Amino acid sequence: MRRLRGLGRNARWLLLTEPGWSLPFPWVFFYQPVYAVSIGLSEVEYGAWLSVARALSIAAPLSAVPLASRLGLKRGFLLVDVLANVPFLAAMMAGTRELVAAGILSSSLLSVAAPLWETLLVEGTDPEALVVAYAVPSVIFTVGSSLTFVAGLLVKRYGVVGGYRIVLLVALAAYLAKTAALALKLEEPPRADPGGRPRSPARAFVRALRADRRLLLIVAYNVLSSVIFASLGYLSLYLTDERGARLPPDAASLVPLLSSAASLATLAAVSLRPPGALYLALAASAGAAAYTLYGLSAADPRLAFAAALLSGLRGAEFSVARACFLGLLGGADASVKGQAISVLYTLSNAISIPAPAAAGLLYSVHPAYVWLLAAACSLAQLALLAALARARSAARAG
């Protein structure tokens, strides 16, 4: 509660309304590949469209700060967020191959909305409250994931197509309610240096990268997380595939339930005592073990449930990694932080463009291969964290 008092006003409203997105959208994302394949897209086509969307997202985050300068952070965020979510949900509901592909492409605008959302979240928030600020949305998203069995029951009762469209309608109604509340309650943060000489937040961030090698290592860690996320996009398909874990759709929904339970416990522990890079090493190790078990679950489907529990230990990874990243920026103003977050999104998208298509290609060869990719990325993250520890020791010695 002490840390929650350190949140800024906008952060409090963003977190209060977050259930409107983070409760239903895990259901949307979990069954999205199953739905896409059901209406006629192949695994390779689905991965290819995801890669195209990622390609469109390369330069998009860099437009976030200029857009905020022109429209303001509040209006810029609300405009782009609506354009990213409403067309995506509507196109998915239409249910044709072409419109589903268009919906996937429209979701690339999330890479513009996300940096603006994060800038509103951290502006006015005390540094010691950053982990909590990022952990609360993760908790809500995790609760949403734990309720994926509700979507599983809908899919079982009405079929993949009919059940998924009901899920989309629920998500649309919740999102619109959330957006209406934010339109009324968010406040425009004060502009830095009003009337003064314009500053270049991009140059300030580049100087910070050159001055501190640890920032580059954290950026690389986040990029690998994006590649892992591309592999996880095939989880629901793998769990129900005859070449994978061979689980029925309703049983498959228990996997995110178990993972969510472990994530909630992890998030609670991290929020009470922020652990820093040591937790990230634990998360990467647990991830490598979990993805190996997912790959082996084709031989024994029960291993998928053990993998879910292990993968849940990564539940606070995003919160801790972001807090470490922003902590290294020190007392930078909102413009510099916004530019830094935008560059982080851009680098993650640029380097991980081929990841969804590669995952789709690997899946078409053998479903278990996507878990080899994810496990390799987790091991690479461990190597980066070892380098980060050495850089931190050198900085202290200097």
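Scroll up to find the structure this text is about.
Calculation notes
Residues numbered from 1 in each chain as written. Predicted model: local features only at pLDDT ≥ 70, side-chain atom pairs only at ≥ 80, totals over all residues. Heavy atoms only, no water. Helix = DSSP H or I, 4+ residues; strand = E, 2+ residues; numbered from the N terminus. Buried < 20%, exposed > 50% of the residue type's maximum accessible area, 1.4 Å probe, protein only. Contact = heavy atoms within 4.5 Å. Areas by Shrake-Rupley, 256 points an atom, 1.4 Å probe, with all protein chains shown as cover. Core = buried A, V, L, I, M, F, W, Y, C linked by side-chain atoms within 4.5 Å. Patch = residues over 30% accessible without salt bridge, like charges linked within 9 Å, V, L, I, M, F, W, Y side chains within 5 Å. Salt bridge = Lys/Arg side-chain N within 4 Å of Asp/Glu carboxyl O. Axes fitted to C-alpha atoms, helices over the stretch in contact; angles between N-to-C directions. Left-handed = near helix turned anticlockwise from the far one by under 90°. Nonpolar A, V, L, I, M, F, W, Y, C, P; charged D, E, K, R; others polar.

### A look at the overall build of the protein chain
(1) Moving on: Secondary structure assignment for the protein chain yields 21 helices and zero strands.
(2) Moving on: Across the 398 residues that make up the protein chain, the buried fraction comes to 53%.
(3) Moving on: Taking contacts inside the protein chain between residues at least 6 apart in sequence as the whole, the part at least 24 apart equals 84%.
(4) Moving on: Looking at the protein chain as shown, the accessible area adds up to about 16,600 Å², and 67% of this sits on carbon and sulfur atoms.

### Focus on the nonpolar core
(1) Moving on: If you look at the biggest cluster of nonpolar residues, it comprises 112 residues, and the most contacted ones within it are F77, L239, Y294 and F325.
(2) Moving on: In this structure L239 touches F30, A245, R246, L247, A252, V255 and A304, once residues within four positions along its chain are discounted.

### Thoughts on the side chain of N10
(1) Moving on: Residue position: N10 is located in helix α1 (residues 9-17).
(2) Moving on: What makes N10 buried here is its relative accessible area of 9%.
(3) Moving on: Sequence-distant contacts of N10, that is, excluding residues within four places in its chain, are made with L120, L186, E187 and P189.

### Remarks on unusual backbone geometry
The bulk of non-glycine residues show a negative phi, and the bulk of peptide bonds are trans.
(1) Moving on: For R246, which is not glycine, the phi dihedral falls at a positive 60°.
(2) Moving on: Among the secondary structure elements, R246 is positioned in the loop between α13 (235-240) and α14 (249-252).
(3) Moving on: For R246, a relative accessible area of 38% gives the class partly exposed.

### Some details on a nonpolar patch on the surface
(1) Moving on: On the surface, a cluster of nonpolar side chains totalling about 470 Å² of accessible area is made up of V44, L361, V365, Y369 and L372.
(2) Moving on: Of all the elements in the fold, those that place two or more residues in the nonpolar patch are α20 (354-365) and α21 (369-397).

### Thoughts on the packing of helix α16 (residues 277-296) against helix α18 (residues 317-328)
Each pair of packed helices can be described by the angle between their axes along with the distance between the axes.
(1) Moving on: Between α16 and α18, the shortest axis-to-axis distance is 10 Å and the interhelical angle comes to 145°. As for the relative orientation of α16 and α18, their crossing is left-handed in sense. Facing α16, whose interface residues are A277, Y279 and L280, α18 presents E317, V320, A321 and C324.
(2) Moving on: A breakdown of the residues in the contact of α16 with α18 according to their chemical character gives six nonpolar, no polar and one charged.

In short, shape yes, function no, at least from these values alone.
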